[in-house]
Amino acid sequence: MDSTGHTPAPQHPRRLYVPVRHGRSGTRLRLFRTPLGTRTAVAFTSQAALRRALGAEQEWVRLGEPALRALTAPLGADRITVDPLLTARRPYAPPVPEPQAEGEPPPPRRTPPPAPAPPEPATR
């Protein structure tokens, strides 16, 4: 009870969206590395945030933070990065062409964006 006579609601651990991979050995958590090379588990507070960072095809499970920590600690990942903002861009994959009906022109080809030009050297 608090000073007003009310019993506070129990605190439930937040459930996070955690990226996983499915393989022959079952479902595995995906671990990442920070820019300094430290292993970290990555989790998201919403499915939309996970999809923005890792793509719509990324599979996920919902886990509470204590469960995620318990699963990753033995793997040497004692850090959890929640809703990372800085992620590497997904590599460009050309679209798979759809079968065309006879006599129909092929769809226009998409090309990857050009790489940025290197910076000009400074002159004095």
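Residues numbered from 1 in each chain as written. Predicted model: local features only at pLDDT ≥ 70, side-chain atom pairs only at ≥ 80, totals over all residues. Heavy atoms only, no water.

- Identification of the protein chain as SseB protein N-terminal domain-containing protein from Streptomyces synnematoformans is taken from an unreviewed UniProt entry.

### Observations regarding the pattern of salt bridges
Part 1 of the reasoning: The final tally for this structure, using the stated rule, is 2 salt bridges.
Part 2 of the reasoning: Note that Arg-14 is salt-bridged to Glu-65, the shortest N-O span being 3.5 Å. Of this pair, Arg-14 sits in the segment before strand S1 (15–23) while Glu-65 sits in helix H2 (residues 65–72), and the two are 51 residues apart along the sequence.
Part 3 of the reasoning: Classification of Arg-14 as partly exposed rests on a relative accessible area of 43%.
Part 4 of the reasoning: Across the pair Glu-65 and Arg-69 runs a salt bridge whose closest N-O atoms are separated by 3.1 Å. In this pair, Glu-65 and Arg-69 both sit in helix H2, 4 residues apart, roughly one turn of the helix.
Part 5 of the reasoning: Look at Glu-65 and you get partly exposed, because its relative accessible area is 22%.
Part 6 of the reasoning: On the basis of relative accessible area, Arg-69 is assigned to the partly exposed category, the value being 38%.
Part 7 of the reasoning: One connected set of salt bridges, linked through shared partners, spans Arg-14, Glu-65 and Arg-69. (Salt bridge = Lys/Arg side-chain N within 4 Å of Asp/Glu carboxyl O. Helix = DSSP H or I, 4+ residues; strand = E, 2+ residues; numbered from the N terminus. Buried < 20%, exposed > 50% of the residue type's maximum accessible area, 1.4 Å probe, protein only.)

### Details of helix H1 (residues 47–54)
One turn of the α-helix equals 3.6 residues, which is why residues spaced by three or four share an orientation.
Part 1 of the reasoning: Those residues of H1 that sit buried are Ala-49, Leu-50, Ala-53 and Leu-54. Down the axis of H1, the smallest arc covering the buried residues is 105°, so these residues share one side.
Part 2 of the reasoning: In the segment just after H1, Gly-55 is the residue with positive phi, at about 100°. (Arc of directions from axis to C-beta.)

### A word on the environment of Asp-78
Part 1 of the reasoning: Along the chain, Asp-78 turns up in the loop between H2 and strand S6 (79–82).
Part 2 of the reasoning: Setting aside its immediate chain neighbours within four residues, Asp-78 contacts Arg-39 and Arg-69. (Contact = heavy atoms within 4.5 Å.)

### A word on the sheet that holds strand S3 (residues 31–33)
Part 1 of the reasoning: Across the sheet, which stays open at both edges, the 3 strands sit in the order S3-S4-S6 with mixed pairing between neighbours. One side of each edge strand has no neighbouring strand; the edge strands of this open sheet are S3 and S6. Here the strands of the sheet are splayed against their neighbours by 50° on average, with no regard to which way each runs.
Part 2 of the reasoning: Direction of pairing for S3 relative to strand S4 (residues 39–43): antiparallel, over a ladder of 3 bridges. Within S4, the residue paired with Arg-33 across the bridge is Arg-39. (Pairing = 2+ DSSP bridges. Axes fitted to C-alpha atoms, helices over the stretch in contact; angles between N-to-C directions.)

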